[in-house]
Amino acid sequence: MAGNAWRSTVSRVMGAVRSQTPQPRNFTRGLQTVTLIPGDGIGPEISSAVVKIFEAAKAPIQWEEKNVTAIKGPGGKWMIPPEAKESMDKSKIGLKGPLKTPIAAGHPSMNLLLRKTFDLYANVRPCVSIEGYKTPYTDVDLVTIRENTEGEYSGIEHVIVDGVVQSIKLITEDASRRIAEYAFEYARNNQRSSVTAVHKANIMRMSDGLFLRKCREVAENFKDIKFTEMYLDTVCLNMVQDPSQFDVLVMPNLYGDILSDLCAGLIGGLGVTPSGNIGANGVAIFESVHGTAPDIAGKDLANPTALLLSAVMMLRHMGLHGHAQKIETACFDTIRDKKVLTKDLGGNSKCSEFTGEICRRVQDMD
């Protein structure tokens, strides 16, 4: 892909959440506060890298760092610490590093708890091929939009009898309509031509059937956007054969979790894939979606690209397009130049060296 055309494509995709319903507030004047959740493992290192790059770019952001370790509230209900909730309620914008998800530890996934606390109903994950970073695919340019609040991740499970466990898949008309409307508004506002509803209504006729019906109903109000519907397994097959046939994909929670990671693999992995979660009442949290990588935590080996690109999405959501463009250009130029890269990107540099190179390029633009 030619340089200028590639930059235009990347900027369009990475800025994908800026003009959606609900509309973001006007953040363009003065210093703006963002709640920073560094996370676990490598989270503090990559969060520090992003902060340094933002300082180099003179982005008008004031960070308010908060911890979100789950605590038990009244009645034994799990909740995030009150000071973290108060910060998000005030700032409306958050940037989050990776959080560990304990298995069978007695408390819920922190990511799930954040989604429920702030009604972060739409996960937006752009996937676009990165110039200079070689993968088997060179023409990926798509966006997955995942319903983030229900489905198999509703957290409704119980034991029927010993040895038999039931998990409830919850699908509602309101949530299905809301995510469908978001996907079509997204496509229209970002010059996207088609929306594909991903489902398994042939098997789960009532639950996925309801989701699909709402998508069809919403599609009737967006005649300028081509609407297709496709089984999840068929999407996966076609995706690895030719990802260029897809544009915007909308789907229930579990399917989105799986398919968005598959799409990330097409462009090089979760380490280079940004993500944004859009909620009700103007709240949005942007995040890196890779793991905490405890094996390299504290060793200055982590790759901050995913969190940095998520922060770029955040800046565009806030209307700070100039700062977003400057940081994004510096990041992608560094990757394309191939001289200062972390190990997972094909180099031997440390996180601090990679961060320093991006800072240098940002400052050279002034």
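Structural data are supplied above this passage.
For the structure given in this document, a descriptive report is provided here.

Parameters and conventions
Residues numbered from 1 in each chain as written. Predicted model: local features only at pLDDT ≥ 70, side-chain atom pairs only at ≥ 80, totals over all residues. Heavy atoms only, no water. Buried < 20%, exposed > 50% of the residue type's maximum accessible area, 1.4 Å probe, protein only. Helix = DSSP H or I, 4+ residues; strand = E, 2+ residues; numbered from the N terminus. Pairing = 2+ DSSP bridges. Right-handed = clockwise from strand over helix to strand, strands pointing away. 1 Å grid on protein atoms, 1.4 Å probe; cavity = no way out; pocket = protein on both sides within 12 Å on 5 of 7 lines; lining within 4 Å. Points joined across faces, edges and corners; volume = space filled by probe spheres on them. Contact = heavy atoms within 4.5 Å. Polar contact = N/O pair within 3.5 Å; in protein donor to acceptor, adjacent residues only side chain to side chain. Phe/Tyr/Trp six-rings, centres within 6.5 Å; stacked < 30°, edge-to-face > 60°. Lys NZ or Arg CZ within 6 Å of the ring centre and 35° of its normal. Axes fitted to C-alpha atoms, helices over the stretch in contact; angles between N-to-C directions. Core = buried A, V, L, I, M, F, W, Y, C linked by side-chain atoms within 4.5 Å. Expected span 1.5 Å × (residues − 1).

We now examine the pairing of strand E10 (residues 194–199). For E10, the buried fraction is high: six of the six residues fall into the buried class. Here E10 runs beside strand E11 (residues 226–231); their pairing, made up of six bridges, is parallel. From the neighbouring strand, Ala197 faces E11, where its bridge partner is Glu229. The parallel pair E10 and E11, bridged by helix H6 (residues 207–219), forms a crossover whose chirality is right-handed. Note that E10 and strand E12 (residues 248–251) share three bridges and pair parallel.

Our next topic: unusual backbone geometry. A positive phi angle, close to 55°, is found at Lys58, a residue other than glycine. Structurally, Lys58 can be placed in the loop between helix H2 (43–56) and strand E2 (61–65). Judged by relative accessible area, Lys58 falls into the exposed class, the value being 62%. The residue Lys92 is not glycine, and still its phi comes out positive at about 70°.

Counted as a void, the largest pocket has a volume near 800 Å³. Lining the largest pocket are 36 residues, with Ser109, Asn111, Leu112, Leu113 and Arg115 sitting closest to its centre. Mapped by element, the contributors of at least two residues to the lining of the largest pocket are strand E4 (78–79), helix H4 (110–117), strand E6 (122–128), helix H8 (253–267), strand E13 (274–278) and strand E14 (284–288).

This next bit is on H4. The buried fraction of H4 amounts to six of the eight residues, a majority that puts the element mostly inside the structure. Within H4, burial applies to Met110, Asn111, Leu112, Leu113, Leu114 and Arg115. Those residues of H4 that are buried lie in contact with E4, strand E5 (93–96), strand E7 (141–147) and E14. Backbone nitrogen of Asn111 and a side-chain oxygen of the N-cap are separated by 3.3 Å at the start of H4; the cap is Ser109.

Here the focus is the packing of aromatic side chains. On inspection of all chains with the given rule, the structure shows four aromatic pairs. Taking the centre distance of 5.3 Å and the plane angle of 55° together, the rings of Phe54 and Trp63 count as tilted. The buried category is assigned to Phe54, whose relative accessible area is 1%. Overall, Trp63 belongs to the partly exposed group, its relative accessible area being 21%. One aromatic cluster is present, built from ring pairs that chain together Phe184, Phe222 and Phe227. Just above the ring of Tyr231 sits the side chain of Lys200; from NZ or CZ to the centre is 5.3 Å.

Let's shift gears to the sheet that holds strand E1 (residues 32–37). Pairing between the strands of a sheet comes from backbone hydrogen bonds, and it takes one of two forms, parallel or antiparallel. Spatial ordering of the open sheet is given by E2-E1-E5-E14-E13-E6-E7-E12-E10-E11, a layout of ten strands whose pairing is mixed. Both outer strands of the open sheet, E2 and E11, are each paired with one neighbouring strand and no more. Each strand axis lies, on average, 25° off the axis of its neighbour in the sheet, ignoring direction. Relative to E7, E6 runs antiparallel, the two being bridged by seven bridges. If you follow Ala122 over to E7, its bridge partner there is Glu147. Those strands touched by H2 are E1, E2, E5 and E14, and its axis lies near 160° from that of E2.

Turning our attention to the nonpolar core. In this structure, Phe54, Leu95, Ile145, Leu249, Val250 and Ile335 are the most contacted members of the largest nonpolar core, which totals 85 residues. With eight residues, helix H9 (residues 305–317) is the largest single contributor of residues to this core. Excluding anything up to four places from it in sequence, Ile335 contacts Ile130, Glu131, Gly132, Tyr133, Thr305, Leu341, Leu345 and Phe354. Ranked by size, the runner-up nonpolar core spans 14 residues in total, among them Ile37, Met88, Met110 and Leu114.

Between its first and last C-alpha, H6 extends 19 Å over 13 residues, near the 18 Å set by a 1.5 Å rise per residue. For H6, the tally of buried residues reaches ten of 13 residues, placing the bulk of the element in the interior. Those residues of H6 that sit buried are Ser207, Asp208, Gly209, Leu210, Phe211, Leu212, Lys214, Cys215, Val218 and Ala219. Tucked inside the fold, the buried residues of H6 contact helix H5 (173–189), E10, E11, E12 and H8.

Turning to the environment of Met204, a few remarks are in order. You can see Met204 is positioned in the loop between E10 and H6. Accessibility expressed as a relative area gives 29% for Met204, which makes it partly exposed. The spatial distance from the C-alpha of Met204 to the C-alpha of Lys169 is 10.0 Å, given a sequence separation of 35 residues.

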